[in-house]
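# Observations on chain architecture
Chain by chain, the residues:
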Amino acid sequence: MRHTATTAGAPQAGASAARVELGRREQLAARLSLRPDSAWALARFSLDASLLAAAGLASALGARAAGIQAPPVGWLVLFAVLVLIAFAARGMYRPRLRAELLEDLRGVVVATSLAAMAVLTLRELLTEPSDLAAQVIRPWAFAMVYLAAGRVALHWSQTQARRNGEALRPTLIVGAGRIGRLTAKRLLEHPELGLRPIGFLDKEPMAHQGNGAVLPVLGASWDLDRVVEDHGVQQVIVTFSTAPDEVMLRLFRRCEEMGVTVAFVPRLFEKVTARLTV
């Protein structure tokens, strides 16, 4: 009988071990996978670098047809590097709640213009080519057009992906009152913001009154670490809560330590319309 029971339990033990191993592999894959913000930032950087290379190649190949000397490769590389540095300085690779197309296009014009002026100044000081202005203006024009087109395409792709429920950041809302539930409702109605509310964190949640999203209360402030780990939270939004200021300050610091982005809902949240942002 004991031998039979042991033999019968072997498949169950093997299946249990397989499930554990599968769970470990899934956790490892989740840790190694890029966050949506990091993935989009990497996509923006890769696209910008590729388009700058294409713009430099196009300007060099078309120089003969234009009857001018092709710009040296070294200056083209310097121009591309300066543009990427200007993009990074303007925060064009940082995570953003809302993708602003006009702001990106303005950044493209400013960054390429500054890089072109820097290259023009350096070449004027270090070299004396006969057609210096043409050699600088052509790469600048090609780069500006290529980068602007790339940003438009990437903006459209990101907006469509978010509307389809892809690449959304799991978001935890601190405060399960009326404002907290209204915040969750607006996030659910506007997936293009890239945030997916998964629940609330509140010690004394207000009873649901039908105005707002129906999401679970996952715990209180001291459950922050567990909730972030269990649900893979990447964004925390702090609304009105009954917790003391010291508790909220500790929560904010803990989120910073865990690498979780924190946003605050202003006191005039009810008055913020589609034409007014904070």
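Above this text you will find the structure in question.
Rules used throughout
Residues numbered from 1 in each chain as written. Predicted model: local features only at pLDDT ≥ 70, side-chain atom pairs only at ≥ 80, totals over all residues. Heavy atoms only, no water. Axes fitted to C-alpha atoms, helices over the stretch in contact; angles between N-to-C directions. Helix = DSSP H or I, 4+ residues; strand = E, 2+ residues; numbered from the N terminus. Parallel < 35°, antiparallel > 145°, perpendicular 65-115°, else oblique. Left-handed = near helix turned anticlockwise from the far one by under 90°. Contact = heavy atoms within 4.5 Å. Salt bridge = Lys/Arg side-chain N within 4 Å of Asp/Glu carboxyl O. Buried < 20%, exposed > 50% of the residue type's maximum accessible area, 1.4 Å probe, protein only. Phe/Tyr/Trp six-rings, centres within 6.5 Å; stacked < 30°, edge-to-face > 60°. Core = buried A, V, L, I, M, F, W, Y, C linked by side-chain atoms within 4.5 Å.

What follows is about the packing of helix 5 (residues 101-126) against helix 6 (residues 132-163). For the pair helix 5 and helix 6, the least separation of the axes is 9 Å and the interaxial angle reads 160°. The orientation of helix 5 with respect to helix 6, classified from their angle, is roughly antiparallel. In this structure, helix 5 crosses over helix 6, and the sense of that crossing is right-handed. Packed against helix 5, whose contacting residues are Leu101, Asp104, Leu105, Val108, Val109, Thr112, Ser113, Ala116, Val119, Leu120, Arg123 and Glu124, the element helix 6 presents Leu132, Gln135, Val136, Trp140, Ala143, Met144, Leu147, Ala148, Arg151, Val152 and His155 at the interface.

Here we take up the pattern of salt bridges. It is possible for side chains bearing opposite charge to pair when their charged atoms get close. For the structure on display, the rule yields eight salt bridges. Among the ionic pairs, Arg151 bridges to Asp48, the shortest N-O distance being 2.6 Å. Remark: Asp48 occurs in helix 2 (residues 36-61) and Arg151 occurs in helix 6; sequence separation between them is 103 residues. Comparing Arg151 with Asp48 shows no difference in burial state: the two are buried. One salt bridge in this structure joins Arg226 and Asp223, with 3.9 Å as the shortest N-O distance. Salt bridges here are not isolated pairs; linked through shared partners, they connect Asp48, Asp104 and Arg151.

Let us now look at the packing of aromatic side chains. Any pair of aromatic rings gets described here by the distance separating the centres and the angle formed by the planes. For the coordinates displayed, the defined rule picks out three aromatic pairs. The interplanar angle of 75° and the centroid separation of 6.4 Å between the aromatic rings of Phe87 and Tyr93 together place this pair among those described as edge-to-face. Look at Phe87 and you get buried, because its relative accessible area is 0%. Assessed through its relative accessible area of 16%, Tyr93 is described here as buried. Taking the centre distance of 6.1 Å and the plane angle of 75° together, the rings of Phe142 and Tyr146 count as edge-to-face.

With that settled, consider the nonpolar core. In terms of nonpolar packing, the biggest core is built from 22 residues, with Leu52, Phe79, Val83, Phe87, Val108 and Leu147 touching the most fellow members. For this core, the secondary-structure elements that each account for two or more residues are helix 2, helix 4 (73-89), helix 5 and helix 6. Per-element tally for this core: the top contributor is helix 4, with seven residues. What Phe87 contacts, discounting residues up to four positions off in sequence, is Asp48, Met92, Tyr93, Gly107, Val108, Ala111, Leu147 and Arg151. Core analysis: the next-biggest nonpolar cluster, separate from the first, contains 16 residues, Val174, Leu218, Val238 and Val260 among them.

None of this, on its own, says anything about what the molecule does.
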